[in-house]
Amino acid sequence: QVQLEESGGGLVQAGGSLRLSCAASGRTFSSYKMGWFRQAPGKEREFVAAVSGGSTSYTDSAKGRFTISKDNAKNTVYLQMNNLKPEDTAVYYCTVGREYGSLWTHDYWGQGTQVTVSS
């Protein structure tokens, strides 16, 4: 049974940092695309960052502030978030899936971790 367990969320002041972790169990995802989405209250879930092979991608608002990385030996993906802003407040979800061109299958989702940034 595949499980994605997120951790690292919390309450932080604007300008602060958090590091999210997503540990996958049940199978190896070294060749899969892994990443993060977030959902703020009353808003749609949106893409934040992803890593696939040696490539990374970010939403524009995360560029220069967030860094995604993956440890294949630990089957874990990380999201280092610096210079956090109140608009980063959301539930952050880890997702993993296969990649076919521009298609990302999102085979699995974590349960989410809350990030709250106070002004």
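Preceding this section is the structure that the text describes.
This text gives an overview of the structure that appears in the document. (Residues numbered from 1 in each chain as written. Predicted model: local features only at pLDDT ≥ 70, side-chain atom pairs only at ≥ 80, totals over all residues. Heavy atoms only, no water.)

**Here's the deal with the pattern of salt bridges**
Quick note on the threshold: Throughout this description, the term salt bridge denotes a Lys or Arg side-chain nitrogen within 4 Å of a carboxyl oxygen of Asp or Glu. Runs of E in the DSSP output that reach at least two residues are strands. Runs of H or I that reach at least four are helices, and both are numbered from the N terminus. For every residue, the accessible area obtained with a 1.4 Å probe (protein chains only) is divided by the maximum for its type, and the residue is called buried under 20%, exposed over 50%, and partly exposed between those limits.
If you walk through the whole model with that rule in mind, you get 6 salt bridges. With a shortest N-O distance of 3.3 Å, E99 and K33 are connected by a salt bridge. With E99 in strand β10 (residues 99–100) and K33 in strand β4 (residues 33–39), this pair connects stretches of sequence that are 66 residues apart. A relative accessible area of 14% places K33 in the buried class.

**Observations regarding the environment of L4**
Summarising the element assignment, L4 is placed in strand β1 (residues 3–7). For the pair L4 and S57, spaced 53 residues apart in sequence, the C-alpha to C-alpha distance is 20 Å.

**Section: the state of the cysteines**
Cut-off, in case you're wondering: The term disulfide is used for any two cysteine sulfur atoms that are within 2.5 Å.
For the structure shown, the criterion picks out 1 disulfide. The residue that forms a disulfide with C22 is C94, at a sulfur-sulfur distance of 2.1 Å. Measuring handedness by torsion sign, the sulfur bridge of C22 and C94 sits at about -80° and is left-handed. Placement of the pair is C22 in strand β3 (residues 18–25) and C94 in strand β9 (residues 90–97), with a sequence separation of 72 residues. When sorted by exposure, C22 lands in the same class as C94, which is buried.

**Quick notes on the pairing of strand β8 (residues 76–81)**
Note the following rule: Here, a strand pair is defined by DSSP locating no fewer than two bridges between the strands.
Among the 6 residues in β8, 5 count as buried, and that is most of the element. In terms of strand pairing, β3 meets β8 through 6 bridges, oriented antiparallel. Looking at the pairing, L18 lines up with M81 of β8. In sequence, strand β7 (residues 66–71) turns back onto β8 through a hairpin of 4 residues, with N75 there showing a positive phi of about 55°.

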